[in-house]
Amino acid sequence: MKILVCISKAPDTTSKIAFTEGNTKFDENGVQFIVNPYDEWYALVRALEIKEAQGGNVTILSVGGADYEPIIRKALAIGADDAVRIDAQESDSLYVAKQIAEYAKDKGFDIIMCGKETINYNGSVVPGMVAELLDLPYIPLAVKLDVNAGVATLEREVNGGLEVVEVTGSFVLSAAKGMAEQRIPNMRGIMAARTKPLQVVPAFAAETSTKLVSYDLPPAKGACKYIDAEQAGDLIRILHEEAKVI
Amino acid sequence: MRTDLYQGHDYYLMDELLTEEHKLVRDTARAWVKKEVSPLIEGAWEKGEFPRHLIKGLAEIGGFGPYIPAEYGGAGLDQIAYGIIMQELERCDSGLRSTSSVQSSLVMYPIWKYGTEEQRQKYLPKLASGEWIGCFGLTEPDHGSNPAGMTTNFKDAGDHYVLNGAKMWISNAPFAQVAVVWAKNEEGRIHGIIVERGMEGFTTPTMHGKWSLRASDTGELIFDNVKVPKGNLLPGRSGLGAPLSCLDSARYGIAWGAIGAALDCYDVALRYSQERQQFNKPIGAFQLQQKKLAEMITEITKAQLLTYRLGQLRNEGRATSAQISMAKRNNVNMAIQIAREARQILGGMGITNEYPIMRHMCNLESVITYEGTHDVHLLITGMDITGFDAFK
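These numbers come from a predicted model, not from an experiment.

Reading the values: rules and limits
- Residues numbered from 1 in each chain as written.
- Chains lettered and ligands numbered in written order.
- Predicted model: local features only at pLDDT ≥ 70, side-chain atom pairs only at ≥ 80, totals over all residues.
- Heavy atoms only, no water.
- Helix = DSSP H or I, 4+ residues; strand = E, 2+ residues; numbered from the N terminus.
- Buried < 20%, exposed > 50% of the residue type's maximum accessible area, 1.4 Å probe, protein only.
- Contact = heavy atoms within 4.5 Å.
- Areas by Shrake-Rupley, 256 points an atom, 1.4 Å probe, with all protein chains shown as cover.
- Lys, Arg positive; Asp, Glu negative; His and termini not counted.
- Charge placed at Lys NZ, Arg CZ, Asp CG, Glu CD.
- Patch = residues over 30% accessible without salt bridge, like charges linked within 9 Å, V, L, I, M, F, W, Y side chains within 5 Å.
- Salt bridge = Lys/Arg side-chain N within 4 Å of Asp/Glu carboxyl O.
- Phe/Tyr/Trp six-rings, centres within 6.5 Å; stacked < 30°, edge-to-face > 60°.
- Lys NZ or Arg CZ within 6 Å of the ring centre and 35° of its normal.
- Core = buried A, V, L, I, M, F, W, Y, C linked by side-chain atoms within 4.5 Å.
- Axes fitted to C-alpha atoms, helices over the stretch in contact; angles between N-to-C directions.
- Nonpolar A, V, L, I, M, F, W, Y, C, P; charged D, E, K, R; others polar.
- Domains from an automatic or database assignment.
- Buried area = accessible area lost by both parts, 1.4 Å probe.
- Polar contact = N/O pair within 3.5 Å; in protein donor to acceptor, adjacent residues only side chain to side chain.

The next subject is the overall build of chain A. Looking only at helices and strands, chain A has six helices and 13 strands in total. Counting only residues that meet the buried cut, chain A has 40% of its 246 residues in that class. Taking all contacts inside chain A whose residues are at least 6 apart in sequence as the whole, residues at least 24 apart take part in 69%. Carbon and sulfur atoms make up 51% of the accessible area of chain A, which amounts to about 13200 Å² in all. Looking at charge distribution, chain A has the averaged site of its 25 positive side-chain charges lying 5 Å from that of its 34 negative ones.

On the surface, a cluster of nonpolar side chains totalling about 390 Å² of accessible area is made up of Leu235, Ile236, Val245 and Ile246 of chain A. For isoleucine 236 of chain A, the location among the structural elements is in helix α6 (residues 232-241).

As for its placement among the helices and strands, serine 8 of chain A is situated in the loop between β1 (2-6) and β2 (9-11). If we skip the residues at most four places from it in the chain, serine 8 of chain A touches Ile34, Val35, Asn36, Asp39, Tyr68, Ile71, Glu90 and Thr118 of chain A.

What follows deals with the packing of aromatic side chains. Applying the stated criterion across every chain yields a total of 17 aromatic pairs over all chains. Ring centres of tyrosine 67 of chain B and tyrosine 82 of chain B lie 4.9 Å apart, and the angle between their planes is 85°; this geometry places the pair in the edge-to-face category. A residue pair is termed long-range when its members are at least 10 positions apart, and tyrosine 67 of chain B in the loop between α2 (55-60) and α3 (79-92) and tyrosine 82 of chain B in helix α3 qualify at 15 residues. Here tyrosine 67 of chain B and tyrosine 82 of chain B have matching classes, each one buried. Taken together through their ring pairs, the aromatic side chains of Tyr67, Tyr82, Tyr109, Trp112 and Tyr252 of chain B make up a single cluster. Directly above the aromatic system of phenylalanine 33 of chain A lies the positively charged group of lysine 9 of chain A, at a separation of 4.0 Å from the ring centroid. When the ring centre of tyrosine 103 of chain A is taken as reference, the NZ or CZ atom of lysine 107 of chain A above it lies at 4.1 Å.

Grouped together as the largest cluster of nonpolar side chains are 129 residues, with contacts concentrated most on Leu145 of chain A together with Val195 of chain B. Excluding anything up to four places from it in sequence, valine 195 of chain B contacts Leu163, Gln177, Val178, Ala179, Val181, Phe202, Phe223, Val226 and Val228 of chain B.

On to helix α9 (residues 357-367) of chain B. Residue and element names in this part refer to chain B. Here α9 lies mainly inside the structure; eight of its eleven residues are buried. Buried residues of α9: Ile357, Arg359, His360, Met361, Asn363, Leu364, Ser366 and Val367, and no others. Here the buried face of α9 lies against α1 (20-47), α3, α4 (94-114), α6 (241-275) and α8 (321-345).

Attention now moves to the packing of α4 of chain B against α9 of chain B. Residue and element names in this part refer to chain B. As a packed pair, α4 and α9 sit with axes 9 Å apart at the nearest point and diverge in direction by 35°. Counted together, Ser94, Gly95 and Arg97 of α4 and Asn363, Leu364 and Val367 of α9 form the full contact between these two elements. Partitioning the contact of α4 with α9 into residue classes produces two nonpolar, three polar and one charged.

Residue and element names in this part refer to chain B. Taken domain by domain, chain B comprises domain 1 (14-129), domain 2 (134-232) and domain 3 (241-386). On a C-alpha basis, the centres of domain 1 and domain 2 stand 23 Å from each other. Across the contact, 26 residues belong to domain 1 and 20 residues belong to domain 2. Buried area between domain 1 and domain 2, summed over both chains or domains, comes out near 1900 Å², and the portion from carbon and sulfur atoms is 62%. Sorting the residues of domain 1 by area buried against domain 2 places Trp45, Arg52 and Tyr123 first, and these three jointly supply 28% of that buried surface. Taken together, domain 1 and domain 2 are joined by two salt bridges. On inspection of domain 1 and its partner domain 2, the count reaches ten residue pairs in polar contact (both at pLDDT 80 or more). Among the elements of the structure, α1, α4 and α5 (117-128) are those that each provide at least two residues to the side of domain 1 that touches domain 2. Residues of the side of domain 1 that touches domain 2, tallied by class, amount to 13 nonpolar, seven polar and six charged.

Next comes the structure, spelled out in structure tokens:
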């Protein structure tokens, strides 16, 4: 089983969010980056579980600059076999998807796994685009993955229940919460990660199809108004007259 | 206990001095602590038991001999990585750090440095994996700050030694398989000797009634005509300098660890001061609370700088015992003061087990006393700078 796991970096959830250069650039000063949790906890860990049970190889792929290498080393410390960094500045989702697809197209991966979204941009579209570009089946938001005799069985959470899907041949999935449990690297893994191969390949030619205009922070939270539980009428009046939401 | 919301504090951007591997080691230890230890530490402390099921995980994150070479089962990391692990463990609980630093610095270190190749091969891999736990016997009921006065002794009985005496205040003793014991030979020279559980005449009664380090097991080591094979003597070094060099390593780890306890108290107090409202504003908006918090982060930052530099010197093999004494003394005292101030910021909530501060405060009362008391370390600095020995 040959598995490609695509990982992105994301700011730690405790980071203070600020922008520079006229609100066109995320201010990385003092920000701690982590492996995007959906990529790490679910996609990578499940890929490793499958490899450990059935044999094979798990390759990490990131699209980004040298600043990606700490999170790639972490993924190797958790247990991936090797890694590839496509040396390109991330821009929009289609650009990233084209880089991944271009790299993966002739490598014969059985499964290409991504997290369901990054926790900073929340686009959720890269894996679908990769599948389209490679003309492969795509199973989004999978919460369970089993592979037996070349047939992959996946579960997806759908409105009011679960959907079970079978796929034969190569495919792309996006992993959602539930597919696996977070795995903390151990010291043996950290030591092994020092010498695991990390290949840097140049960016593939691709157009950026959108242009970022600016970022804005959400409006500051207003003061909290407490209404006595006995005064439901006041609540309705305030929602109607002041908040104007009903 | 509440959810562990801890995040590190790095006022002088010390992280920029760390390697990516250091940070990975730290994040690993922190993630493990939050997942496996934080939810149960208050319960373990109240019960007065070291949670032994943690040993395997502690080994996996590098808690046992991280600087021991990989050929003996260690992780082959540097001294700063060792310090970082100690900091993350003590951030949770000094007893957890004690279990780890005793195994690393007081058991694995002397076997690695002063043992034979056969002893290294026999003990180190099992200690690194946590299959065996070790303890260190130096302190005696009547000899604490004056270990040279020890009475534990061994006699040559032909094909073995016969060991007699008693050690007290020994971390890990109640469940250790291996004890590195310091005892005098017939000429009065101090030697290290490895005693294994199961040797006839060797017992390890648990000590009860501690109001400190309750999540760490402490006991006595009693030797009643214990026959120890001659091959268990550590041949590489003798004299008081041998156990003291182990203490250098452990005290170095404590210097880092104490910063962890201080950071946890500061982190809790800072967050509480921003959330707790009195007189219609957060208490952190009042000058007296700001004074406490500002002094805390100042002292933590000074300790971080001192200790990082000490780590560099340890890596280069240049740190002196006196430099280590200064860091251990300064940092533990800093942590205990911060625990007391942080407790006040939390008001009444500070005395409950919903917050870790009172537990840290109680633990640090041991840490400021063991491995050289606060006063003894001061005299070490005094002797180092004046050239006069004020111990006797």
